[in-house]
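What follows is the residue order along each chain.
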Amino acid sequence: MAAVRNILFVMYDQLRFDYLGCAGHPHLKTPNFDRLAAMGVRFDRAYVQSPVCGASRMSFYTGRYVSSHGAAYNNYPLKVGELTLGDHLRKAGVQSWLVGKTHMKADAEGMARLGLAPDSVIGARVAECGFDVWDRDDGLWSAGPDGIYDARRSPYNAWLMAQGYPGPNPWQDHANAGVSAEGDILSGWYLLNSGQPANIREQDSETPWLTRRCIDFLGSEAAQAPWLCHLSYIKPHWPYIVPEPWAGLYGPEHVVPPVRDARERQNPHPVYRAFMDNRIGQAFARDEVRAAVIPAYMGLIAQADAEFGRLLDHLEATGRLADTMIVLTSDHGDYLGDHWMGEKDLFHDPSARIPLIVYDPRAAADATRGTVCHALVEAIDLAPTFVQAVGAEVPGHILEGRSLQPWLHGQAPEWRAAVVSEYDWATSPMAADLGVAPRDARLFMVFDGRWKLMHCEGGFRPMLFDLQTDPQELIDLGDSPGHVGQVARMYDLLHAWARRIAQRTTVSDAQVLARRKGAPERVGVLIGVAEAGDVAPDVAALLAGKAQARFV
């Protein structure tokens, strides 16, 4: 089978699995996302390894679970020794490039300990999650009384200034803010301002800018060699604000009712209560907040879809569709008021389930084009999929995901029994409010396709949902006497996952098997051998013969 030459790995930030036309949204139109779904396979039960940006992305980029790579929250450094997509693909002659966001925090102490200079080629790749950087922009360029959120230079902000946008931070004052009739800034940080059109030319907003930067890469000399391009968009992540014509495309009448129930507030799990009652949850419990935010969120997605169409058209016009795998996904979802929550953080489907569409250009994938796969998929499955697609051997002792290639090519492989996700909430005010120690502020989800268990360290009871009888996850059965057996069964799945071999990454299974054949006696080390007849003749021959001299 011919290998895929190039990979366009497109990620949106905080895009829900069900906010696509092809996923059944009743109002939102995404003709270009749907176009890709018609070209490939839509995986409709894909889950992230953590419902927060940094930890999720590090799992995408390493192909490993959060407790394996250790970068368990935003701005937790990824260890120097962790291999990434760039490391695996470069062995196959494929370069890995970044356009957009990673949320990568470099392990500066580890780099210094090993003498890796940040401005060296190797040091730069280690600091940038294995990518060569075309443009990195993590998209949050805010400043407050105590300083700035992100100390790096924003190439997008610099570009806006070059276009004539005034002020020291046009990202905050123009791209993510409206303007009142009196000329006052209406900051997109305030949720009730989300319905205002952003005070920026549409073509100058973040999503079109990143599309242009990707197209610039595709036309560059760097793209003449086989490549993976990680085009990582900043939106539809908050601030929820978008320029016209997208700002007025949808209105409150297009806001679907929230998936929530009064029973969820009746004696809820303590950790769930803490998240529902935080400032974000309280804001999204207000109907007027949802009425302002969700049309803007939909407008941001519609703009993202239009820009994705530009990319598809460019690839088609340049002949690249014939040899380029295309992946569309997200790093996590967005509650948007469902379950009395905003943001992400917990493991209900609006947060932990993601869109995933894969287009494989090879003829072997022709039979599955336009289909939907219901297999339980994890974000870490993309890394081995990419390695296999470019014709390399998947290092299964390092990559913990499973290649999706069999599903893409119409096969039905033996597959996992459950998906797992993790969340470290140690730095949150909710952990402080509940008096949870940092080592205990950890959550785990295991989902087998019907039953979803959420385990909380620190002595809390589990949460349990039956998605067959309760697909909206409204009824917590974690303390139900009638479900003790199901809880135990789900814990068995979680414990089996916890016993995986996660850290034996320097020796492959093939090397282990080879060592079985190469017994120590073949190199002259005889352990537990009673006499010469117990070993092979050629081994015994080397230990026999006449002594040359006798010493007393």
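Moving on, we come to the overall build of the chain. Tallying secondary structure elements over the chain gives 19 helices and 19 strands in all. Taken over the C-alpha trace, the chain has a radius of gyration of 26 Å; the compact-globule value for 552 residues is 24 Å, and the two agree within 12%. In terms of its C-alpha atoms, the chain occupies a principal-axis envelope of roughly 110 × 65 × 55 Å. The burial tally for the chain puts 56% of its 552 residues in the buried class.

On to unusual backbone geometry, then. Backbone torsion omega between Lys 235 and Pro 236 reads 10°, so that peptide bond is classified as cis. Note that the residue after Trp 238, namely Pro 239, is joined by a cis bond; omega there is 0°. Take Pro 239: it is sitting in the loop between strand 10 (227–236) and helix 10 (270–276). In this structure, His 103 is a non-glycine residue whose phi angle is positive, near 65°.

A separate point is the sheet that holds strand 14 (residues 371–373). Strand order in this open sheet of 8 strands is 5-4-10-1-11-13-2-14, and the pairing throughout is mixed. Either end of the sheet is taken by a strand with one partner, and the two such strands are strand 5 (132–136) and strand 14. Put simply, the sheet's adjacent strands are angled 15° from each other on average, direction ignored. Across the sheet, helix 9 (residues 206–218) lies against strand 1 (6–13), strand 4 (95–100), strand 5 and strand 10, angled at about 170° from strand 10, the strand it touches most.

A surface patch of nonpolar side chains, amounting to about 320 Å² of accessible area, comprises Val 523, Val 525 and Ile 527. For Ile 527, the location among the structural elements is in the loop between helix 18 (509–517) and helix 19 (537–541).

The next point concerns the packing of helix 9 against helix 12 (residues 287–317). When two helices pack together, you describe them by how their axes are tilted relative to each other and by the distance separating the axes. For the pair helix 9 and helix 12, interaxial distance at closest approach is 9 Å and the crossing angle is 15°. Viewed along their axes, helix 9 and helix 12 adopt a mutual orientation that is roughly parallel. In the packing of helix 9 onto helix 12, the handedness of the crossing is right-handed. Where helix 9 approaches helix 12, its residues Thr 207, Pro 208, Thr 211, Arg 212, Cys 214, Ile 215 and Leu 218 are matched on the opposing element by Gln 303, Ala 304, Glu 307, Arg 310, Leu 311, His 314 and Leu 315. Per-class residue counts for the contact of helix 9 with helix 12 are 7 nonpolar, 4 polar and 3 charged.

Parameters at a glance
The residue numbering used here restarts from 1 in each chain and proceeds along that chain's sequence as written. Local features are withheld for residues below a pLDDT of 70 in this predicted model, meaning they are given only at 70 or higher, and side-chain atom pairs are given and counted only at 80 or more; totals for whole chains, interfaces and linings count all residues. Calculated side-chain values reflect all of the structure's heavy atoms, with hydrogen atoms and water omitted. Numbering goes from the N terminus for both helices and strands, where a helix is a DSSP run of H or I of at least four residues and a strand is a run of E of at least two. Taken over C-alpha atoms, the radius of gyration is set against a globule rule of 2.2 Å times the number of residues to the power 0.38. Burial status follows relative accessibility: with a 1.4 Å probe on protein chains alone, a residue under 20% of its type maximum counts as buried, one over 50% as exposed, and anything between as partly exposed. At least two DSSP bridges between two strands are required for those strands to pair. An axis is simply a line fitted to the C-alpha atoms; with a helix, the fit covers only the stretch in contact. Between two such axes, the angle follows the N-to-C directions and lies from 0 to 180 degrees. Residue contacts follow a heavy-atom distance rule, with two residues in contact if any of their heavy atoms lie within 4.5 Å. Patch criteria: residues need more than 30% relative accessible area and no salt bridge. Like-charged residues are merged within 9 Å; nonpolar side chains of Val, Leu, Ile, Met, Phe, Trp and Tyr are merged within 5 Å. Here the open area of atoms and residues is found with the Shrake-Rupley method and a 1.4 Å probe, where only the protein chains shown may cover a residue. Salt bridges are defined by distance alone: a side-chain nitrogen of Lys or Arg within 4 Å of a carboxyl oxygen of Asp or Glu. In these notes the angle categories are as follows: under 35 degrees is roughly parallel, over 145 is roughly antiparallel, 65 to 115 is roughly perpendicular, and the rest is oblique. Here a crossing is taken to be left-handed if its near helix is turned anticlockwise relative to the far helix by less than a right angle, and right-handed if that turn runs clockwise. Charged means Asp, Glu, Lys or Arg here, nonpolar means Ala, Val, Leu, Ile, Met, Phe, Trp, Tyr, Cys or Pro, and polar covers whatever is left, Gly included.

In short, shape yes, function no, at least from these values alone.
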